[in-house]
Protein chains: 2
Amino acid sequence: MSRPDQGADPDSPEGRGGAASVLPAAPAGGGRGSLDRRRVLGAAVEFIDHEGLHALTMRRLGAYLGVEAMALYRYVPSRENLLDGVVEAVVDELYGDPDVHLAASHGWQDYLQRLAHGVRRIALAHPEVFPLVATRPPAAPWVRPPLRSLRWVESFLDALLDSGFTEASAVAAYRAYSSFLLGHLLLEVSQKGVRISPEDQADGVPQAVATTDLGEYPTVVRLEPLLSLDESAAEFEEALENLLERLEVVRREGRTPRRGDSRS
Amino acid sequence: MSRPDQGADPDSPEGRGGAASVLPAAPAGGGRGSLDRRRVLGAAVEFIDHEGLHALTMRRLGAYLGVEAMALYRYVPSRENLLDGVVEAVVDELYGDPDVHLAASHGWQDYLQRLAHGVRRIALAHPEVFPLVATRPPAAPWVRPPLRSLRWVESFLDALLDSGFTEASAVAAYRAYSSFLLGHLLLEVSQKGVRISPEDQADGVPQAVATTDLGEYPTVVRLEPLLSLDESAAEFEEALENLLERLEVVRREGRTPRRGDSRS
DNA sequence: ACCTGAACACCGTTCAAGT
DNA sequence: ACCTGAACACCGTTCAAGT
(Lines give C-alpha, C1' and ligand atoms only; values in the text may rest on other atoms or scores of the structure.)
Protein backbone atom coordinates (compact mmCIF):
# COMPACT_ATOMS: atom_id res chain seq x y z
CA MET A 1 0.00 0.00 0.00
CA SER A 2 3.02 2.29 0.17
CA ARG A 3 2.73 5.28 -2.07
CA PRO A 4 5.08 4.96 -4.99
CA ASP A 5 5.02 8.54 -6.08
CA GLN A 6 7.96 10.78 -5.92
CA GLY A 7 7.02 14.33 -5.36
CA ALA A 8 3.91 13.94 -3.24
CA ASP A 9 4.77 15.42 0.12
CA PRO A 10 6.58 18.16 -1.72
CA ASP A 11 9.19 19.20 0.75
CA SER A 12 7.49 20.10 3.94
CA PRO A 13 4.96 18.76 6.40
CA GLU A 14 2.22 21.15 5.27
CA GLY A 15 -0.15 18.25 5.24
CA ARG A 16 -1.71 17.62 1.87
CA GLY A 17 -0.01 20.68 0.45
CA GLY A 18 -1.40 20.51 -3.01
CA ALA A 19 -2.88 23.73 -4.25
CA ALA A 20 -0.72 25.73 -1.87
CA SER A 21 2.04 26.05 -4.42
CA VAL A 22 -0.19 27.86 -6.85
CA LEU A 23 -1.79 30.12 -4.27
CA PRO A 24 -0.53 33.39 -2.94
CA ALA A 25 1.38 33.34 0.32
CA ALA A 26 -1.71 34.87 1.89
CA PRO A 27 -3.91 32.87 4.26
CA ALA A 28 -5.53 30.09 2.35
CA GLY A 29 -8.75 28.46 3.46
CA GLY A 30 -11.07 30.32 5.76
CA GLY A 31 -8.46 32.97 6.40
CA ARG A 32 -9.18 36.67 6.28
CA GLY A 33 -8.35 39.15 3.62
CA SER A 34 -10.65 40.23 0.85
CA LEU A 35 -11.78 37.71 -1.68
CA ASP A 36 -10.82 37.49 -5.27
CA ARG A 37 -11.25 34.85 -7.94
CA ARG A 38 -7.94 33.23 -7.19
CA ARG A 39 -8.65 32.83 -3.53
CA VAL A 40 -12.08 31.40 -4.26
CA LEU A 41 -10.68 28.84 -6.69
CA GLY A 42 -7.84 27.94 -4.35
CA ALA A 43 -10.27 27.42 -1.51
CA ALA A 44 -12.43 25.26 -3.74
CA VAL A 45 -9.44 23.04 -4.55
CA GLU A 46 -8.59 22.70 -0.88
CA PHE A 47 -12.19 22.00 -0.03
CA ILE A 48 -12.45 19.23 -2.63
CA ASP A 49 -9.12 17.76 -1.52
CA HIS A 50 -10.37 17.49 2.03
CA GLU A 51 -14.10 16.90 1.73
CA GLY A 52 -14.51 15.35 -1.69
CA LEU A 53 -16.07 16.66 -4.84
CA HIS A 54 -19.56 15.65 -3.83
CA ALA A 55 -19.39 17.87 -0.75
CA LEU A 56 -18.70 21.05 -2.67
CA THR A 57 -21.71 23.35 -2.78
CA MET A 58 -21.75 27.09 -3.17
CA ARG A 59 -23.14 27.43 0.31
CA ARG A 60 -20.52 25.24 1.95
CA LEU A 61 -17.68 26.84 0.03
CA GLY A 62 -18.98 30.21 1.18
CA ALA A 63 -19.00 29.03 4.76
CA TYR A 64 -15.46 27.68 4.34
CA LEU A 65 -14.41 31.18 3.31
CA GLY A 66 -16.38 32.82 6.10
CA VAL A 67 -18.90 34.34 3.78
CA GLU A 68 -22.41 33.73 2.51
CA ALA A 69 -22.77 31.74 -0.69
CA MET A 70 -24.16 34.74 -2.54
CA ALA A 71 -20.90 36.60 -2.09
CA LEU A 72 -19.14 34.09 -4.34
CA TYR A 73 -21.14 35.18 -7.34
CA ARG A 74 -19.12 38.34 -7.47
CA TYR A 75 -16.06 36.27 -8.46
CA VAL A 76 -17.55 33.29 -10.18
CA PRO A 77 -20.54 33.45 -12.51
CA SER A 78 -21.86 29.98 -11.75
CA ARG A 79 -21.05 26.69 -10.13
CA GLU A 80 -20.13 25.23 -13.50
CA ASN A 81 -17.68 28.03 -14.09
CA LEU A 82 -16.28 27.43 -10.62
CA LEU A 83 -15.60 23.81 -11.49
CA ASP A 84 -13.92 24.83 -14.73
CA GLY A 85 -11.82 27.23 -12.71
CA VAL A 86 -10.88 24.47 -10.29
CA VAL A 87 -9.68 22.30 -13.14
CA GLU A 88 -7.72 25.17 -14.57
CA ALA A 89 -6.15 26.00 -11.23
CA VAL A 90 -4.99 22.43 -10.71
CA VAL A 91 -3.61 22.09 -14.22
CA ASP A 92 -1.87 25.43 -13.77
CA GLU A 93 0.23 23.87 -11.04
CA LEU A 94 2.13 22.19 -13.81
CA TYR A 95 3.41 25.58 -14.97
CA GLY A 96 5.25 25.99 -11.71
CA ASP A 97 6.88 22.57 -11.87
CA PRO A 98 10.57 23.11 -12.61
CA ASP A 99 10.89 19.52 -13.74
CA VAL A 100 8.56 20.07 -16.66
CA HIS A 101 10.29 22.52 -18.95
CA LEU A 102 10.95 21.95 -22.58
CA ALA A 103 14.14 24.00 -22.37
CA ALA A 104 15.44 21.99 -19.44
CA SER A 105 14.95 18.59 -21.02
CA HIS A 106 17.18 16.44 -23.13
CA GLY A 107 15.32 15.45 -26.25
CA TRP A 108 11.67 14.81 -26.87
CA GLN A 109 11.53 11.50 -25.03
CA ASP A 110 12.91 13.07 -21.89
CA TYR A 111 10.44 15.91 -22.22
CA LEU A 112 7.46 13.59 -22.60
CA GLN A 113 8.70 11.60 -19.62
CA ARG A 114 8.89 14.70 -17.46
CA LEU A 115 5.52 15.94 -18.64
CA ALA A 116 3.87 12.60 -17.89
CA HIS A 117 5.35 12.47 -14.42
CA GLY A 118 4.34 16.05 -13.78
CA VAL A 119 0.73 15.28 -14.65
CA ARG A 120 0.87 12.15 -12.54
CA ARG A 121 2.13 14.12 -9.55
CA ILE A 122 -0.81 16.48 -9.91
CA ALA A 123 -3.26 13.62 -10.21
CA LEU A 124 -1.92 12.01 -7.04
CA ALA A 125 -1.84 15.32 -5.18
CA HIS A 126 -5.51 15.96 -6.01
CA PRO A 127 -7.18 12.59 -6.39
CA GLU A 128 -10.61 14.05 -5.79
CA VAL A 129 -10.16 16.73 -8.42
CA PHE A 130 -8.61 14.55 -11.10
CA PRO A 131 -11.80 12.92 -12.35
CA LEU A 132 -12.97 16.45 -13.07
CA VAL A 133 -9.77 17.18 -14.97
CA ALA A 134 -10.33 13.98 -16.88
CA THR A 135 -13.97 14.38 -17.83
CA ARG A 136 -14.75 18.09 -18.13
CA PRO A 137 -14.94 18.91 -21.80
CA PRO A 138 -12.02 21.13 -22.76
CA ALA A 139 -12.28 24.36 -24.76
CA ALA A 140 -12.16 22.63 -28.13
CA PRO A 141 -12.74 18.94 -28.82
CA TRP A 142 -9.19 18.49 -30.07
CA VAL A 143 -7.68 19.85 -26.88
CA ARG A 144 -7.75 16.66 -24.89
CA PRO A 145 -7.62 15.92 -21.22
CA PRO A 146 -5.61 15.67 -19.15
CA LEU A 147 -3.27 18.22 -20.74
CA ARG A 148 -6.29 20.40 -21.39
CA SER A 149 -4.61 23.67 -22.25
CA LEU A 150 -3.44 25.13 -25.52
CA ARG A 151 -0.15 25.93 -23.90
CA TRP A 152 0.67 22.27 -23.30
CA VAL A 153 -0.61 21.15 -26.66
CA GLU A 154 1.57 23.76 -28.32
CA SER A 155 4.58 22.77 -26.28
CA PHE A 156 4.02 19.09 -26.98
CA LEU A 157 3.70 19.54 -30.72
CA ASP A 158 6.68 21.88 -30.92
CA ALA A 159 8.87 19.41 -29.10
CA LEU A 160 7.99 16.64 -31.51
CA LEU A 161 8.19 18.73 -34.66
CA ASP A 162 11.61 19.96 -33.63
CA SER A 163 12.71 16.37 -33.21
CA GLY A 164 11.83 15.18 -36.67
CA PHE A 165 8.21 14.12 -36.39
CA THR A 166 6.01 14.96 -39.34
CA GLU A 167 2.95 17.06 -38.59
CA ALA A 168 0.63 14.09 -38.95
CA SER A 169 2.69 11.86 -36.72
CA ALA A 170 3.09 14.57 -34.09
CA VAL A 171 -0.68 14.90 -33.92
CA ALA A 172 -1.10 11.13 -33.77
CA ALA A 173 1.47 11.03 -30.97
CA TYR A 174 -0.43 13.68 -29.06
CA ARG A 175 -3.58 11.61 -29.25
CA ALA A 176 -1.89 8.41 -28.17
CA TYR A 177 -0.16 10.18 -25.31
CA SER A 178 -3.38 11.77 -24.05
CA SER A 179 -5.22 8.46 -24.06
CA PHE A 180 -2.40 6.77 -22.24
CA LEU A 181 -2.19 9.41 -19.50
CA LEU A 182 -5.91 9.61 -19.03
CA GLY A 183 -6.49 5.88 -18.77
CA HIS A 184 -3.63 5.17 -16.45
CA LEU A 185 -4.05 8.09 -14.11
CA LEU A 186 -7.81 7.87 -13.85
CA LEU A 187 -7.57 4.24 -12.81
CA GLU A 188 -4.64 4.83 -10.50
CA VAL A 189 -6.37 7.68 -8.76
CA SER A 190 -9.64 5.82 -8.36
CA GLN A 191 -7.81 2.78 -7.06
CA LYS A 192 -6.37 4.95 -4.28
CA GLY A 193 -9.89 5.40 -3.06
CA VAL A 194 -11.74 8.29 -4.48
CA ARG A 195 -15.29 8.30 -3.32
CA ILE A 196 -17.21 9.69 -6.24
CA SER A 197 -20.41 8.38 -4.85
CA PRO A 198 -21.52 10.36 -1.79
CA GLU A 199 -20.99 8.60 1.46
CA ASP A 200 -23.08 5.53 0.82
CA GLN A 201 -19.97 3.37 0.95
CA ALA A 202 -19.12 4.23 4.52
CA ASP A 203 -18.42 0.56 5.33
CA GLY A 204 -15.21 0.46 3.35
CA VAL A 205 -15.89 -0.78 -0.15
CA PRO A 206 -16.30 -4.52 -0.62
CA GLN A 207 -20.02 -4.34 0.12
CA ALA A 208 -21.04 -5.29 -3.40
CA VAL A 209 -18.36 -7.94 -3.65
CA ALA A 210 -19.30 -9.43 -0.34
CA THR A 211 -22.92 -9.82 -1.38
CA THR A 212 -21.92 -11.43 -4.66
CA ASP A 213 -21.57 -15.17 -4.92
CA LEU A 214 -17.85 -15.47 -5.34
CA GLY A 215 -18.13 -19.18 -6.00
CA GLU A 216 -18.83 -18.47 -9.65
CA TYR A 217 -15.52 -16.69 -10.07
CA PRO A 218 -12.83 -19.11 -8.91
CA THR A 219 -10.04 -17.51 -10.92
CA VAL A 220 -10.75 -14.08 -9.54
CA VAL A 221 -10.83 -15.52 -6.04
CA ARG A 222 -7.57 -17.38 -6.55
CA LEU A 223 -5.79 -14.38 -8.04
CA GLU A 224 -7.23 -11.88 -5.57
CA PRO A 225 -3.85 -11.32 -3.86
CA LEU A 226 -2.28 -10.50 -7.20
CA LEU A 227 -5.21 -8.35 -8.27
CA SER A 228 -5.05 -6.37 -5.04
CA LEU A 229 -1.36 -5.60 -5.40
CA ASP A 230 -0.78 -1.97 -6.23
CA GLU A 231 1.76 -1.91 -9.03
CA SER A 232 0.58 1.41 -10.42
CA ALA A 233 3.95 3.11 -10.40
CA ALA A 234 5.75 0.31 -12.21
CA GLU A 235 2.92 -0.14 -14.68
CA PHE A 236 2.92 3.54 -15.42
CA GLU A 237 6.64 3.48 -16.14
CA GLU A 238 6.37 0.42 -18.28
CA ALA A 239 3.46 1.65 -20.37
CA LEU A 240 5.02 5.08 -20.77
CA GLU A 241 8.30 3.58 -21.87
CA ASN A 242 6.51 1.37 -24.34
CA LEU A 243 4.58 4.30 -25.77
CA LEU A 244 7.76 6.31 -26.21
CA GLU A 245 9.46 3.45 -28.00
CA ARG A 246 6.49 3.08 -30.26
CA LEU A 247 6.64 6.79 -31.06
CA GLU A 248 10.35 6.57 -31.77
CA VAL A 249 9.65 3.99 -34.44
CA VAL A 250 7.10 6.31 -35.97
CA ARG A 251 9.50 9.22 -35.82
CA ARG A 252 12.33 7.34 -37.52
CA GLU A 253 10.08 6.17 -40.29
CA GLY A 254 8.63 9.63 -40.66
CA ARG A 255 4.97 8.85 -41.07
CA THR A 256 1.68 8.21 -39.34
CA PRO A 257 1.51 4.86 -37.57
CA ARG A 258 -0.34 2.10 -39.33
CA ARG A 259 -1.51 -1.26 -38.24
CA GLY A 260 0.97 -4.07 -38.10
CA ASP A 261 4.00 -1.80 -37.94
CA SER A 262 6.04 -3.77 -35.53
CA ARG A 263 5.73 -6.88 -37.61
CA SER A 264 7.78 -5.90 -40.58
CA MET B 1 -35.89 22.73 -24.77
CA SER B 2 -38.46 20.27 -26.07
CA ARG B 3 -39.64 18.05 -23.31
CA PRO B 4 -39.08 14.37 -23.77
CA ASP B 5 -42.34 13.77 -21.96
CA GLN B 6 -43.79 10.38 -21.53
CA GLY B 7 -43.88 8.07 -24.45
CA ALA B 8 -40.99 9.43 -26.46
CA ASP B 9 -41.44 7.19 -29.47
CA PRO B 10 -43.07 4.41 -27.48
CA ASP B 11 -42.36 1.45 -29.65
CA SER B 12 -42.58 2.60 -33.23
CA PRO B 13 -39.23 3.27 -34.87
CA GLU B 14 -36.70 2.00 -32.41
CA GLY B 15 -34.91 5.31 -32.72
CA ARG B 16 -31.40 5.00 -31.37
CA GLY B 17 -32.00 1.44 -30.34
CA GLY B 18 -29.47 1.20 -27.56
CA ALA B 19 -30.90 -0.13 -24.35
CA ALA B 20 -33.79 -1.69 -26.18
CA SER B 21 -31.86 -4.89 -26.71
CA VAL B 22 -31.54 -5.52 -23.02
CA LEU B 23 -35.08 -4.52 -22.15
CA PRO B 24 -38.17 -6.66 -22.21
CA ALA B 25 -40.32 -6.54 -25.31
CA ALA B 26 -42.79 -4.51 -23.26
CA PRO B 27 -43.22 -0.80 -23.90
CA ALA B 28 -40.04 0.98 -22.94
CA GLY B 29 -40.09 4.64 -21.98
CA GLY B 30 -43.29 6.13 -20.66
CA GLY B 31 -45.37 3.18 -21.73
CA ARG B 32 -47.93 1.60 -19.47
CA GLY B 33 -47.63 -1.54 -17.50
CA SER B 34 -46.54 -1.76 -13.91
CA LEU B 35 -43.09 -0.67 -12.92
CA ASP B 36 -40.26 -2.83 -11.79
CA ARG B 37 -36.57 -2.22 -11.25
CA ARG B 38 -35.65 -3.26 -14.74
CA ARG B 39 -38.08 -0.90 -16.36
CA VAL B 40 -36.94 1.96 -14.16
CA LEU B 41 -33.29 1.38 -15.04
CA GLY B 42 -34.07 0.96 -18.71
CA ALA B 43 -36.01 4.22 -18.72
CA ALA B 44 -33.13 5.94 -16.97
CA VAL B 45 -30.71 4.77 -19.66
CA GLU B 46 -33.05 6.03 -22.39
CA PHE B 47 -33.53 9.30 -20.57
CA ILE B 48 -29.79 9.88 -20.26
CA ASP B 49 -29.23 8.91 -23.89
CA HIS B 50 -31.72 11.53 -25.00
CA GLU B 51 -31.46 14.31 -22.43
CA GLY B 52 -27.98 13.92 -21.02
CA LEU B 53 -26.80 12.84 -17.62
CA HIS B 54 -27.17 16.28 -16.10
CA ALA B 55 -30.88 16.29 -16.88
CA LEU B 56 -31.64 13.12 -14.91
CA THR B 57 -33.45 13.85 -11.67
CA MET B 58 -35.75 11.60 -9.76
CA ARG B 59 -38.61 13.92 -10.48
CA ARG B 60 -38.01 14.09 -14.19
CA LEU B 61 -37.45 10.36 -14.49
CA GLY B 62 -40.72 9.87 -12.66
CA ALA B 63 -42.49 12.16 -15.10
CA TYR B 64 -40.87 10.26 -17.99
CA LEU B 65 -42.44 7.11 -16.62
CA GLY B 66 -45.78 8.80 -15.98
CA VAL B 67 -45.43 8.64 -12.25
CA GLU B 68 -44.45 10.82 -9.31
CA ALA B 69 -40.81 10.75 -8.25
CA MET B 70 -41.69 9.17 -4.94
CA ALA B 71 -42.96 6.07 -6.67
CA LEU B 72 -39.45 5.27 -7.87
CA TYR B 73 -38.23 4.69 -4.36
CA ARG B 74 -40.12 1.44 -4.31
CA TYR B 75 -37.68 0.06 -6.90
CA VAL B 76 -34.54 2.00 -6.25
CA PRO B 77 -33.28 2.93 -2.78
CA SER B 78 -31.58 6.15 -3.81
CA ARG B 79 -30.42 8.18 -6.74
CA GLU B 80 -26.88 6.88 -6.25
CA ASN B 81 -28.12 3.35 -6.45
CA LEU B 82 -30.08 4.27 -9.56
CA LEU B 83 -26.88 5.48 -11.22
CA ASP B 84 -25.09 2.28 -10.23
CA GLY B 85 -27.97 0.37 -11.75
CA VAL B 86 -27.74 2.39 -14.96
CA VAL B 87 -24.06 1.52 -15.27
CA GLU B 88 -24.81 -2.12 -14.63
CA ALA B 89 -27.63 -2.17 -17.16
CA VAL B 90 -25.42 -0.70 -19.87
CA VAL B 91 -22.53 -3.05 -19.15
CA ASP B 92 -24.97 -5.94 -19.14
CA GLU B 93 -25.67 -5.26 -22.80
CA LEU B 94 -22.31 -6.87 -23.43
CA TYR B 95 -23.68 -10.20 -22.24
CA GLY B 96 -26.13 -10.22 -25.11
CA ASP B 97 -23.50 -9.47 -27.73
CA PRO B 98 -22.98 -12.66 -29.73
CA ASP B 99 -19.65 -11.36 -30.98
CA VAL B 100 -18.17 -11.37 -27.51
CA HIS B 101 -18.04 -14.99 -26.46
CA LEU B 102 -14.98 -16.75 -25.26
CA ALA B 103 -16.22 -20.01 -26.74
CA ALA B 104 -16.81 -18.45 -30.14
CA SER B 105 -13.39 -16.88 -30.47
CA HIS B 106 -10.15 -18.15 -31.90
CA GLY B 107 -7.42 -17.69 -29.37
CA TRP B 108 -6.90 -15.11 -26.70
CA GLN B 109 -5.98 -12.29 -29.07
CA ASP B 110 -9.15 -12.73 -31.02
CA TYR B 111 -11.12 -12.77 -27.79
CA LEU B 112 -9.57 -9.56 -26.49
CA GLN B 113 -10.21 -7.97 -29.87
CA ARG B 114 -13.88 -8.90 -29.75
CA LEU B 115 -14.21 -7.81 -26.15
CA ALA B 116 -12.63 -4.43 -26.85
CA HIS B 117 -14.87 -3.84 -29.83
CA GLY B 118 -17.91 -4.88 -27.82
CA VAL B 119 -17.11 -2.36 -25.12
CA ARG B 120 -16.45 0.28 -27.73
CA ARG B 121 -19.83 -0.37 -29.34
CA ILE B 122 -21.49 0.16 -25.99
CA ALA B 123 -19.56 3.35 -25.35
CA LEU B 124 -20.59 4.76 -28.71
CA ALA B 125 -24.19 3.64 -28.28
CA HIS B 126 -24.41 5.44 -24.92
CA PRO B 127 -21.98 8.33 -25.03
CA GLU B 128 -23.79 10.15 -22.23
CA VAL B 129 -23.68 7.13 -19.95
CA PHE B 130 -20.11 6.09 -20.61
CA PRO B 131 -18.40 8.67 -18.39
CA LEU B 132 -20.43 7.14 -15.58
CA VAL B 133 -19.24 3.66 -16.54
CA ALA B 134 -15.72 5.02 -16.56
CA THR B 135 -15.68 6.87 -13.26
CA ARG B 136 -18.09 5.15 -10.87
CA PRO B 137 -16.03 3.17 -8.40
CA PRO B 138 -16.58 -0.55 -8.98
CA ALA B 139 -17.39 -3.09 -6.30
CA ALA B 140 -13.76 -3.72 -5.39
CA PRO B 141 -10.79 -1.54 -6.27
CA TRP B 142 -9.23 -4.28 -8.36
CA VAL B 143 -12.31 -4.66 -10.53
CA ARG B 144 -11.57 -1.91 -12.98
CA PRO B 145 -13.68 0.09 -15.34
CA PRO B 146 -14.77 -0.23 -17.99
CA LEU B 147 -15.16 -4.01 -17.68
CA ARG B 148 -16.51 -3.46 -14.19
CA SER B 149 -17.95 -6.87 -13.48
CA LEU B 150 -16.49 -9.97 -11.93
CA ARG B 151 -17.86 -11.95 -14.79
CA TRP B 152 -15.70 -10.17 -17.36
CA VAL B 153 -12.64 -10.16 -15.15
CA GLU B 154 -13.04 -13.89 -14.66
CA SER B 155 -13.51 -14.48 -18.35
CA PHE B 156 -10.53 -12.32 -19.24
CA LEU B 157 -8.19 -14.03 -16.81
CA ASP B 158 -9.34 -17.50 -17.79
CA ALA B 159 -8.75 -16.79 -21.45
CA LEU B 160 -5.19 -15.68 -20.77
CA LEU B 161 -4.35 -18.43 -18.30
CA ASP B 162 -5.58 -21.04 -20.76
CA SER B 163 -3.31 -19.54 -23.38
CA GLY B 164 -0.10 -19.82 -21.44
CA PHE B 165 0.06 -16.60 -19.47
CA THR B 166 1.37 -16.86 -15.95
CA GLU B 167 -0.91 -15.63 -13.20
CA ALA B 168 1.15 -12.50 -12.69
CA SER B 169 1.28 -11.63 -16.35
CA ALA B 170 -2.43 -12.29 -16.83
CA VAL B 171 -3.15 -9.81 -14.05
CA ALA B 172 -0.72 -7.29 -15.52
CA ALA B 173 -2.39 -7.76 -18.91
CA TYR B 174 -5.78 -7.11 -17.37
CA ARG B 175 -4.53 -3.84 -15.92
CA ALA B 176 -2.94 -2.69 -19.15
CA TYR B 177 -6.04 -3.61 -21.12
CA SER B 178 -8.36 -1.72 -18.75
CA SER B 179 -6.27 1.42 -18.91
CA PHE B 180 -6.13 1.26 -22.66
CA LEU B 181 -9.89 0.83 -23.08
CA LEU B 182 -10.73 3.51 -20.55
CA GLY B 183 -8.42 6.13 -21.96
CA HIS B 184 -9.31 5.60 -25.57
CA LEU B 185 -13.04 5.29 -25.19
CA LEU B 186 -13.44 8.13 -22.73
CA LEU B 187 -11.67 10.49 -25.08
CA GLU B 188 -13.43 9.18 -28.15
CA VAL B 189 -16.83 9.53 -26.55
CA SER B 190 -16.17 13.01 -25.23
CA GLN B 191 -14.84 14.08 -28.61
CA LYS B 192 -18.16 13.07 -30.13
CA GLY B 193 -19.72 15.80 -28.06
CA VAL B 194 -20.85 14.77 -24.67
CA ARG B 195 -22.05 17.74 -22.70
CA ILE B 196 -21.11 16.90 -19.15
CA SER B 197 -21.53 20.49 -18.19
CA PRO B 198 -25.20 21.50 -18.14
CA GLU B 199 -26.25 23.59 -21.08
CA ASP B 200 -23.92 26.50 -20.58
CA GLN B 201 -22.22 25.68 -23.86
CA ALA B 202 -25.30 26.24 -25.95
CA ASP B 203 -23.30 28.22 -28.53
CA GLY B 204 -21.49 25.18 -29.80
CA VAL B 205 -18.18 24.78 -28.03
CA PRO B 206 -15.36 27.02 -29.21
CA GLN B 207 -16.37 29.80 -26.85
CA ALA B 208 -13.28 29.42 -24.67
CA VAL B 209 -10.99 28.99 -27.64
CA ALA B 210 -12.45 32.00 -29.40
CA THR B 211 -11.80 34.24 -26.40
CA THR B 212 -8.23 32.97 -26.09
CA ASP B 213 -5.43 34.74 -27.89
CA LEU B 214 -4.54 32.16 -30.47
CA GLY B 215 -1.55 34.18 -31.59
CA GLU B 216 0.51 32.61 -28.83
CA TYR B 217 -0.06 29.14 -30.21
CA PRO B 218 1.04 29.18 -33.83
CA THR B 219 1.67 25.45 -34.06
CA VAL B 220 -1.76 24.60 -32.76
CA VAL B 221 -3.29 27.05 -35.20
CA ARG B 222 -1.32 25.65 -38.10
CA LEU B 223 -2.12 22.03 -37.25
CA GLU B 224 -5.76 22.69 -36.43
CA PRO B 225 -7.03 20.84 -39.50
CA LEU B 226 -5.04 17.78 -38.48
CA LEU B 227 -6.04 18.09 -34.85
CA SER B 228 -9.72 18.31 -35.79
CA LEU B 229 -9.62 15.17 -37.89
CA ASP B 230 -11.45 12.33 -36.25
CA GLU B 231 -9.24 9.28 -36.56
CA SER B 232 -10.65 7.58 -33.48
CA ALA B 233 -11.50 4.30 -35.12
CA ALA B 234 -8.10 3.84 -36.74
CA GLU B 235 -6.28 4.93 -33.61
CA PHE B 236 -8.27 2.49 -31.55
CA GLU B 237 -7.35 -0.36 -33.87
CA GLU B 238 -3.74 0.62 -33.93
CA ALA B 239 -3.36 0.97 -30.18
CA LEU B 240 -5.27 -2.23 -29.55
CA GLU B 241 -3.13 -4.13 -32.00
CA ASN B 242 -0.01 -2.75 -30.39
CA LEU B 243 -1.19 -3.73 -26.93
CA LEU B 244 -1.93 -7.27 -28.08
CA GLU B 245 1.49 -7.61 -29.65
CA ARG B 246 3.08 -6.38 -26.45
CA LEU B 247 1.11 -8.95 -24.49
CA GLU B 248 2.14 -11.69 -26.87
CA VAL B 249 5.78 -10.94 -26.10
CA VAL B 250 5.01 -11.19 -22.41
CA ARG B 251 3.16 -14.45 -22.90
CA ARG B 252 5.94 -16.07 -24.89
CA GLU B 253 8.51 -15.12 -22.31
CA GLY B 254 6.23 -16.22 -19.51
CA ARG B 255 6.72 -13.47 -17.04
CA THR B 256 5.56 -10.09 -15.88
CA PRO B 257 6.54 -7.26 -18.18
CA ARG B 258 9.51 -5.21 -17.16
CA ARG B 259 10.94 -2.00 -18.42
CA GLY B 260 13.00 -2.08 -21.55
CA ASP B 261 11.58 -5.34 -22.81
CA SER B 262 11.42 -4.51 -26.45
CA ARG B 263 15.04 -3.47 -26.52
CA SER B 264 16.70 -6.79 -25.97
C1' DA C 1 -17.45 48.30 -3.45
C1' DC C 2 -18.66 44.39 -1.29
C1' DC C 3 -21.69 41.53 1.28
C1' DT C 4 -26.37 39.85 3.10
C1' DG C 5 -31.54 38.53 3.56
C1' DA C 6 -35.10 37.07 1.49
C1' DA C 7 -37.05 34.79 -2.14
C1' DC C 8 -37.70 31.48 -6.20
C1' DA C 9 -37.55 27.27 -8.46
C1' DC C 10 -35.78 23.15 -8.02
C1' DC C 11 -33.52 18.93 -5.59
C1' DG C 12 -33.45 14.06 -2.93
C1' DT C 13 -35.89 11.77 0.43
C1' DT C 14 -39.39 10.41 4.17
C1' DC C 15 -43.77 9.12 5.58
C1' DA C 16 -48.49 9.15 6.58
C1' DA C 17 -52.34 8.83 3.84
C1' DG C 18 -54.97 7.38 0.00
C1' DT C 19 -56.79 3.72 -3.49
C1' DA D 1 -49.64 -3.53 -3.16
C1' DC D 2 -48.65 0.47 -5.19
C1' DC D 3 -48.84 5.35 -5.64
C1' DT D 4 -49.49 10.35 -4.04
C1' DG D 5 -49.43 14.85 -1.17
C1' DA D 6 -47.30 17.22 1.85
C1' DA D 7 -43.30 18.25 4.15
C1' DC D 8 -38.18 18.74 5.26
C1' DA D 9 -33.65 20.01 4.49
C1' DC D 10 -30.97 21.30 1.15
C1' DC D 11 -29.55 23.26 -3.66
C1' DG D 12 -28.10 27.20 -7.34
C1' DT D 13 -29.17 31.70 -8.43
C1' DT D 14 -31.28 36.56 -8.50
C1' DC D 15 -31.86 40.93 -6.67
C1' DA D 16 -33.08 44.61 -3.79
C1' DA D 17 -31.26 46.20 0.30
C1' DG D 18 -27.79 47.15 3.60
C1' DT D 19 -22.94 48.90 5.07
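Residues numbered from 1 in each chain as written. Chains lettered and ligands numbered in written order. Predicted model: local features only at pLDDT ≥ 70, side-chain atom pairs only at ≥ 80, totals over all residues. Heavy atoms only, no water.

What connects the two chain copies is a rotation about an axis and a shift along it. When chain A is fitted to chain B, the best match, at an RMSD of 0.0 Å, comes from turning it 180 degrees and sliding it 0.0 Å along the axis. Here the transformation between the copies is reduced to the relation of a two-fold axis. Ranked by how close their C-alpha atoms come to the rotation axis, the residues of chain A are headed by A:Gly183, at 1.9 Å. Interface residue correspondence from chain A to chain B reaches 100%, placing this contact among same-surface, isologous pairings. (Least-squares fit on C-alpha atoms with pLDDT ≥ 70 in both. Contact = heavy atoms within 4.5 Å.)

The next thing to look at is empty space enclosed by the protein. As enumerated under the stated definition, the model contains eight cavities of 30 Å³ or more in all. Its volume calculated, the largest cavity comes out at about 230 Å³. Forming the walls of the largest cavity are 17 residues, and the residues nearest its centre are A:Phe180, A:Arg246, B:Phe180, B:His184 and B:Arg246. Contributions of two or more residues to the lining of the largest cavity are made by α8 (167-191) and α11 (232-253) of chain A together with α8 (167-191) and α11 (232-253) of chain B. (1 Å grid on protein atoms, 1.4 Å probe; cavity = no way out; pocket = protein on both sides within 12 Å on 5 of 7 lines; lining within 4 Å. Points joined across faces, edges and corners; volume = space filled by probe spheres on them. Helix = DSSP H or I, 4+ residues; strand = E, 2+ residues; numbered from the N terminus.)

Here we take up the UniProt feature "domain: HTH tetR-type" (unreviewed entry) in chain A. Residues annotated by UniProt as "domain: HTH tetR-type" (unreviewed entry) correspond here to residues 34-94 of chain A. Helix makes up 66% of residues 34-94 of chain A and strand 0%. Its end C-alpha atoms lie 27 Å apart. (UniProt positions renumbered as here; feature names shortened; annotations may be inferred.)

Right, let's talk about the protein's contact with DNA strand D for a bit. Around DNA strand D sit 15 residues in total, of which A:Arg59, A:Tyr73, A:Arg79, B:Glu68 and B:Tyr75 are the nearest. Protein-adjacent atoms of DNA strand D, using a 4 Å cutoff, are sugar or phosphate at a proportion of 48%. Between A:Met58 and DNA strand D, the recorded distance is 2.9 Å, taken from a backbone N or O atom to a phosphate oxygen. Take A:Arg60: an N or O atom from its side chain is 3.2 Å from a phosphate oxygen of DNA strand D. Taken together, the elements giving at least two residues each to the surface near DNA strand D come down to α2 (58-64) of chain A together with α3 (69-72) of chain B. (Near = heavy atom within 4 Å. Polar contact = N/O pair within 3.5 Å; in protein donor to acceptor, adjacent residues only side chain to side chain.)

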